[in-house]
Amino acid sequence: MLAEDMNELFGIYSTDKKLPRKNLISLLQSIFDSASEIECESLCDSLLNRKDVDLSMPQFKIIWDNFLEPVLKPVSAFVIVDVQNDFISGSLALTNCPAQEDGAEVVPVINRLLTSTPFSHVFYTYDWHPRNHISFHSNLKLHKSRLLSPQPDNWESVSMFDRVQFDGKPPLEQTMWPDHCIQGTDGAKLHKELKFIEGGLEIYKGFNHSVDSYSAFWDNGEVSATGLLNELNSRNVTDVYVCGLATDICVNFTATHACKHNFRVILVEDACRGVDTAAIAQTKEKLSDLGALIRTSDTILPLVKGEEIPIKLAMVAADNFRRKFAATLLST
Ligand SMILES: [Zn+2]
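Everything numeric in this text was worked out from a predicted model, so none of it was measured.

Section: the packing of aromatic side chains
Counted according to the given criterion, the structure contains 12 aromatic pairs. For the pair Phe119 and Tyr241, a centre-to-centre distance of 5.5 Å together with 65° between the ring planes defines the contact as edge-to-face. Placement of the pair is Phe119 in the loop between helix H6 (106-116) and strand E2 (121-127) and Tyr241 in strand E7 (residues 239-245), with a sequence separation of 122 residues. Among the residues examined, Phe119 registers a relative accessible area of 11% and is labelled buried.

As for the coordination of the zinc ion
The zinc ion binds to the protein through Asp127 (OD), His129 (NE2) and His180 (NE2), with metal-donor distances spanning 2.0 to 2.1 Å. Mapped onto the sequence, the donors of the zinc ion take the spacing D-x1-H-x50-H. Taken together, the positions of Asp127 in strand E2 and His180 in the loop between strand E5 (172-175) and strand E6 (201-205) put the pair 53 residues apart, joining distant regions of the chain. Taking relative accessible area as the criterion, Asp127 reaches 3% and is therefore assigned buried. Of the residues examined, His180 reaches a relative accessible area of 2% and is grouped as buried.

Notes on empty space enclosed by the protein
On inspection of all chains with the given rule, the structure shows 4 cavities of 30 Å³ or more. Estimated volume of the largest cavity: approximately 140 Å³. Taken together, 17 residues form the lining of the largest cavity, with Phe87, Leu92, Trp177, Ile249 and Cys250 sitting closest to its centre. For the lining of the largest cavity, the residue count by class is 11 nonpolar, 3 polar and 3 charged.

Looking at the pattern of salt bridges
Opposite charge on two side chains lets them pair, provided their charged atoms get close. A complete count under the given rule lists 14 salt bridges for this structure. Glu105 is paired through a salt bridge with Arg273; the nearest N and O atoms lie 3.0 Å apart. Here Arg273 lies in strand E8 (residues 264-273) and Glu105 lies in the loop between helix H5 (85-88) and H6, a separation of 168 residues in the sequence. The exposure class assigned to Arg273 is buried, which follows from its relative accessible area of 16%. Arg295 is the partner of Glu308 in a salt bridge, and the nearest nitrogen-oxygen pair spans 2.9 Å. Taken as a pair, Glu308 in the loop between helix H11 (301-304) and helix H12 (311-331) and Arg295 in strand E9 (residues 293-295) lie far apart in primary sequence, 13 residues in all. It is possible to trace a salt-bridge network through shared partners that takes in Asp82, Asp127 and Lys205.

So, helix H3 (residues 37-47)
An α-helical turn contains 3.6 residues, so any two residues separated by three or four positions project in the same direction. Of the residues making up H3, those classed as buried are Cys40, Leu43, Cys44, Ser46 and Leu47. Down the axis of H3, the sector holding all buried residues measures 160°, keeping them to one side. Where the residues of H3 are buried, they touch helix H2 (21-31), helix H4 (57-72) and H12.

Re the sheet that holds strand E1 (residues 76-81)
Pairing between sheet strands relies on hydrogen bonds along the backbone, with the strands arranged either parallel or antiparallel. Read across the sheet, 6 strands follow the order E6-E2-E1-E7-E8-E9 without closing on themselves; strand pairing throughout is parallel. The strands lining the two open edges of the sheet, one partner per strand, are E6 and E9. Neighbour-to-neighbour, the strand axes of the sheet open up by a mean angle of 25°, direction not taken into account. Bridging between E2 and E6 involves 5 bridges; their strand directions are parallel. Each bridged residue has a counterpart across the sheet, and for Thr125 the counterpart in E6 is Ile203.

Considerations on the sheet that holds strand E3 (residues 147-149)
Strands sit in the order E3-E4-E5 across an open sheet of 3 strands; the sheet is antiparallel. Edge strands, defined here as strands with exactly one partner in the open sheet, are E3 and E5. Averaged over all neighbouring strand pairs, the angle between strand axes comes to 45°, with direction disregarded. With 4 bridges connecting them, strand E4 (residues 163-166) and E5 associate as antiparallel partners.

What counts, and where the lines are drawn
- Residues numbered from 1 in each chain as written.
- Predicted model: local features only at pLDDT ≥ 70, side-chain atom pairs only at ≥ 80, totals over all residues.
- Heavy atoms only, no water.
- Phe/Tyr/Trp six-rings, centres within 6.5 Å; stacked < 30°, edge-to-face > 60°.
- Helix = DSSP H or I, 4+ residues; strand = E, 2+ residues; numbered from the N terminus.
- Buried < 20%, exposed > 50% of the residue type's maximum accessible area, 1.4 Å probe, protein only.
- Donors = N, O, S within 2.8 Å, 3.2 Å for Na, K, Ca; no water.
- 1 Å grid on protein atoms, 1.4 Å probe; cavity = no way out; pocket = protein on both sides within 12 Å on 5 of 7 lines; lining within 4 Å.
- Points joined across faces, edges and corners; volume = space filled by probe spheres on them.
- Nonpolar A, V, L, I, M, F, W, Y, C, P; charged D, E, K, R; others polar.
- Salt bridge = Lys/Arg side-chain N within 4 Å of Asp/Glu carboxyl O.
- Arc of directions from axis to C-beta.
- Contact = heavy atoms within 4.5 Å.
- Pairing = 2+ DSSP bridges.
- Axes fitted to C-alpha atoms, helices over the stretch in contact; angles between N-to-C directions.

By themselves, these observations are geometric and do not establish any function.
Structure representation (structure tokens):
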């Protein structure tokens with residue numbers, strides 16, 4: 001659908017140069033053709049705070065520019081999380097974790113997507129730790145004075161994979177991991193068969209020795225940003241496709257933050273591998289509750305091209321629209 005159709009649409013669905021709610025619902029049904037009338041009614045309620053508004057052309061233009069057009073012409077980012085050697089064949093290989101999944105299996109799936117799907121932008125994230133990083137069990141002695149739980153004197157009782165609490169603002173829960181993804185080492189490199197496409201952007205996380213960073217947006221204390229949010233916003237990205245390692249940890253935190261930053265989020269589930277079977281299932285359930293779609297790689301091409309617009313993603317966009325533009329709409 002082209003921008004110039006705005007006038008045409010308004011002409012078709014308006015009465016006396018006004019667009020009543022029931023006509024807006026019909027208009028939405030014509031666009032979201034797989035959605036039911038009830039779904040389009042709730043979409044309309046998500047867009048507008050009031051049910052009695054007859055929209056004028058200038059008001060409809062606000063909806064067009066800030067809801068319909070971004071939904072019809074999505075700008076996509078494919079965020080490939082931490083497909084690094086240490087998580088595949090190195091010190092923190094997923095094959096050794098409880099779910100015994102193989103991180104290498106995501107590589108052909110991601111490569112196929114990179115060659116077959118016209119994502120607007122592609123990001124590669126790296127877990128990127130200094131040697132003295134706080135998440136390494138081997139460094140616990142170094143950081144023991146910051147322990148809240150257990151007490152510093154009991155630091156030797158902590159085993160690999162235990163969770164401890166460190167002092168901080170805010171205090172930080174931390175799982176004790178083996179040394180992994182140390183800056184500049186082979187373990188921190190992307191898997192050698194992963195295709196790095198021209199124009200791909202790199203995001204580094206976990207580089208501050210005193211705080212871990214599971215998310216590619218923010219450290220675990222949500223104090224410092226990695227730059228991903230700015231990169232997405234400066235490119236007007238609307239839809240974030242997340243995949244990589246590990247489903248229930250860094251993919252989970254990255255996708256959760258993408259939802260919280262009001263992007264429309266699609267988890268490409270067959271391009272992810274995780275640590276723990278139950279936690280992987282919980283991650284998908286939680287992301288779905290936050291408004292994300294859980295899809296397999298063979299179903300996302302029409303989404304990226306804007307040819308399929310699931311009502312669930314339209315709802316997320318409508319909620320964002322209302323938060324930002326409800327006041328403007330009423331004063332126009
Ligand atoms: Zn790490």
